[in-house]
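What follows is each chain in one-letter form.
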Amino acid sequence: MIDIHTHIIHNCDDGSNSLKLSIKQIKNMIDKGVTDIVLTPHYMNIYVQTDAKIINKQFKELSEATADLKVNLHKGGEIFLNPGSNYKIDKKLCIGNTSYILVETNMGEFTPGVYELLFKLVKKGFRPILAHPERYNYIMNNPEIAEEFMYRNIYLQVNAGSIMGIYGQKIKKTAWILLENGFAHFLASDNHCRTDEYILPLAIKAIRNRIDDYTAELLTQINPKKMLNNEKINYFYLKKQPVKKKGFFENILRKL
Ligand SMILES: [Fe+2]
């Protein structure tokens, strides 16, 4: 099991508030069968710690403190995409040595300019993964917008907590719609270290019961493994792309 979205680096964001807690959480995750953890602190204007130097220092400290444990830690970030963001998005914010980058944006209203920002990243060779699309109001109201992101070469990561209903029924329903339609490439915990209960195995079990073993494996092992190896992952795996003729702009995007 590979968890690609966590807030376990201590004293960086609204996740872990101590090195001790980070180590405890990592040990718990190992016990539950996690082999690789991607550490994705928020890069957001409200956190002073968007300073990469601080995050690098804390990551090093955590890596050294857990060096004897049987787990691989990978550094990434959860990058808030906004036309007003005050930090530069460069390859150092990608996951490990890959081109994959975890992003989020405004969960309420659709932010004008987001498609353009994402397109700029795709053109530069980034492979953006949109964190928890099921929590976005406009996707809850119209889940097909998730598919629109996929046409724009954006991967989608559903939260385990959404599957289990911890953010409410509407988000839970949307999460299942995304999974059942093939509008999800990853399932991750988004672990903020607020509880001892590690939710990813519970969500995997729920997917095995409601969909199948393969989907659970695809989202938590097969695709994450490919991502860590910087291999390309298929955007469409369940629903066929319609054969209707696409516009010039969309054809260019698909070739990237
Ligand atoms: Fe997160």
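Residues numbered from 1 in each chain as written. Predicted model: local features only at pLDDT ≥ 70, side-chain atom pairs only at ≥ 80, totals over all residues. Heavy atoms only, no water.

Peer 1: Please give an account of the layout of surface pockets that cites residues and values.
Peer 2: Estimated volume of the largest pocket: approximately 420 Å³. Its residues assigned to classes, the lining of the largest pocket shows eight nonpolar, eight polar and seven charged. (1 Å grid on protein atoms, 1.4 Å probe; cavity = no way out; pocket = protein on both sides within 12 Å on 5 of 7 lines; lining within 4 Å. Points joined across faces, edges and corners; volume = space filled by probe spheres on them. Nonpolar A, V, L, I, M, F, W, Y, C, P; charged D, E, K, R; others polar.)

Peer 1: Help me get a handle on the sheet that holds strand β5 (residues 78-80), residues and values and all.
Peer 2: Read from one edge of the open sheet, six strands run β3-β5-β6-β7-β8-β9, paired in parallel fashion. The open sheet has two edge strands, β3 (42-43) and β9 (186-188), and neither has a second partner. Bridge analysis of strand β8 (residues 155-159) against β9 gives three bridges, and the strand direction is parallel. Bridge pairing in β9 places N159 opposite A188. (Pairing = 2+ DSSP bridges. Helix = DSSP H or I, 4+ residues; strand = E, 2+ residues; numbered from the N terminus.)

Peer 1: I'd love a proper account of the coordination of the iron ion, names of residues and values included.
Peer 2: Only H5 (NE2), H7 (NE2), E78 (OE) and D190 (OD) from the protein coordinate the iron ion, and they sit 2.1 to 2.3 Å from it. Within one chain, the residues serving as donors to the iron ion are arranged as H-x1-H-x70-E-x111-D. Of the two residues, H7 sits in the loop between β1 (2-6) and α1 (19-31) while D190 sits in the loop between β9 and α8 (200-210), which places them 183 residues apart along the sequence. D190 carries the same exposure label as H7, and that label is buried. (Donors = N, O, S within 2.8 Å, 3.2 Å for Na, K, Ca; no water. Buried < 20%, exposed > 50% of the residue type's maximum accessible area, 1.4 Å probe, protein only.)

Peer 1: Which residues make up the pattern of salt bridges, and what values go with them?
Peer 2: Pairing between side chains of opposite charge can happen when their charged atoms approach one another. Within the structure shown, the criterion is met by seven salt bridges. Among the salt bridges present, the one from R135 reaches D190, with a minimum N-O distance of 3.8 Å. On the criterion of sequence distance, the pair formed by R135 in the loop between β7 (127-131) and α4 (137-141) and D190 in the loop between β9 and α8 is long-range, its members being 55 residues apart. Of the charged contacts in the structure, one is a salt bridge between E180 and R210, with a shortest N-O distance of 3.0 Å. Of this pair, E180 sits in helix α7 (residues 169-180) while R210 sits in helix α8; the two residues are 30 residues apart in sequence, bridging distant segments of the chain. Here R210 falls in the partly exposed class, since its relative accessible area comes to 47%. (Salt bridge = Lys/Arg side-chain N within 4 Å of Asp/Glu carboxyl O.)

Peer 1: Give a description of α1 that names residues and reports values.
Peer 2: Taking 1.5 Å of rise per residue, the 13 residues of α1 would be expected to cover 18 Å, and the 19 Å separating its terminal C-alpha atoms lies within 8% of that figure. Of the surrounding elements, those touching the buried residues of α1 are β1, β2 (36-39), α2 (52-65) and β4 (72-75). Phi for G33, located one or two positions after α1, is positive at around 105°. (Expected span 1.5 Å × (residues − 1). Contact = heavy atoms within 4.5 Å.)

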